Amino acid sequence: MKVIENVYVVAGVTANVYVLADSDGLTLIDTGLPHSEKTILRYLAGKGWSARDIKRILITHADVDHDGCLAALQQQSGARTYASPIEAKAIAMGQSSRRFDLSGN
């Protein structure tokens, strides 16, 4: 779905995955849950793009609904990934960057 000129949101993915279309390729903002790459790549194909058109992936924060298929998309696209140092460390460790207290305390 087009948001504004050259900015799209991929429908059917848990969490919002945005596509920014620039003259030098695509930038994805977040990647959704694991296995969302199929939906994302299908969306891109519908716009005439392929995985190789993805040049950059920006991860806003390290939660599974935002970085879940990062590795799969990196492998298929060869894209460079960007994240803050805190988020990058969490991604490298396979963890969320935030602690959740599910006890209600």
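Placed above this text is the structure.
These notes cover the structure that comes with them. Since we're looking at a predicted model, the values are computed, not measured.

**Some words on the packing of helix 1 (residues 37-46) against helix 3 (residues 70-77)**
- Contact geometry of helix 1 with helix 3 gives a least axis separation of 10 Å together with a crossing angle of 45 degrees. It follows from the interaxial angle that helix 1 and helix 3 lie oblique. For the pair helix 1 and helix 3, the contacting residues are Glu 37, Ile 40 and Leu 41 in the first and Ala 72, Leu 73 and Gln 76 in the second.
- Of the residues assigned to the contact of helix 1 with helix 3, the class counts are four nonpolar, one polar and one charged.

**Section: the pattern of salt bridges**
- Tallied over the entire structure, the rule returns three salt bridges.
- Measuring nitrogen to oxygen at the nearest pair gives 3.1 Å for the salt bridge that ties Glu 5 to Lys 2.
- Residue Lys 2 is classed as partly exposed on the basis of its relative accessible area, which comes to 46%.
- Close ionic contact of Asp 24 with Arg 56 constitutes a salt bridge, the shortest N to O distance being 3.3 Å. On the criterion of sequence distance, the pair formed by Asp 24 in the loop between strand 3 (18-22) and strand 4 (25-29) and Arg 56 in strand 5 (residues 54-58) is long-range, its members being 32 residues apart.
- Its relative accessible area of 18% is what places Arg 56 among the buried residues.
- One network of salt bridges, with partners in common, ties together Asp 22, Asp 24 and Arg 56.

**Focus on the pairing of strand 5**
- Pairing geometry for strand 4 and strand 5, over four bridges, is parallel. Considered in strand 5, the bridge of Ile 29 is made with Leu 58.
- Where the polypeptide runs from strand 4 across helix 1 and back to strand 5, its parallel neighbour, the crossover connection is right-handed.
- Bridge analysis of strand 5 against strand 6 (residues 80-82) gives three bridges, and the strand direction is parallel. Across the sheet, Leu 58 pairs through a bridge with Tyr 82, a residue of strand 6.

**What to know about unusual backbone geometry**
- At Ala 15, a position not held by glycine, the phi torsion is positive, near 80 degrees.
- By secondary structure assignment, the location of Ala 15 is in the loop between strand 2 (7-9) and strand 3.
- Residue Asp 30 is not a glycine yet carries a positive backbone phi of 70 degrees.
- Looking at the element boundaries, Asp 30 is found in the loop between strand 4 and helix 1.
- The buried category is assigned to Asp 30, whose relative accessible area is 4%.

**As for the environment of Arg 52**
- Residue placement: Arg 52 occurs in the loop between helix 1 and strand 5.
- With a relative accessible area of 51%, Arg 52 lands in the exposed category.
- On a C-alpha basis, the gap between Arg 52 and Asp 67 in space is 19 Å, while along the polypeptide they are 15 residues apart.
- With sequence-adjacent residues up to four places away left out, Arg 52 is seen in contact with Gln 76, Ser 77 and Gly 78.
- A polar contact is formed between the side chain of Arg 52 and the backbone oxygen of Ser 77, at a distance of 2.9 Å.

Thresholds, definitions, all that
Residues numbered from 1 in each chain as written. Predicted model: local features only at pLDDT ≥ 70, side-chain atom pairs only at ≥ 80, totals over all residues. Heavy atoms only, no water. Axes fitted to C-alpha atoms, helices over the stretch in contact; angles between N-to-C directions. Helix = DSSP H or I, 4+ residues; strand = E, 2+ residues; numbered from the N terminus. Parallel < 35°, antiparallel > 145°, perpendicular 65-115°, else oblique. Contact = heavy atoms within 4.5 Å. Nonpolar A, V, L, I, M, F, W, Y, C, P; charged D, E, K, R; others polar. Salt bridge = Lys/Arg side-chain N within 4 Å of Asp/Glu carboxyl O. Buried < 20%, exposed > 50% of the residue type's maximum accessible area, 1.4 Å probe, protein only. Pairing = 2+ DSSP bridges. Right-handed = clockwise from strand over helix to strand, strands pointing away. Polar contact = N/O pair within 3.5 Å; in protein donor to acceptor, adjacent residues only side chain to side chain.

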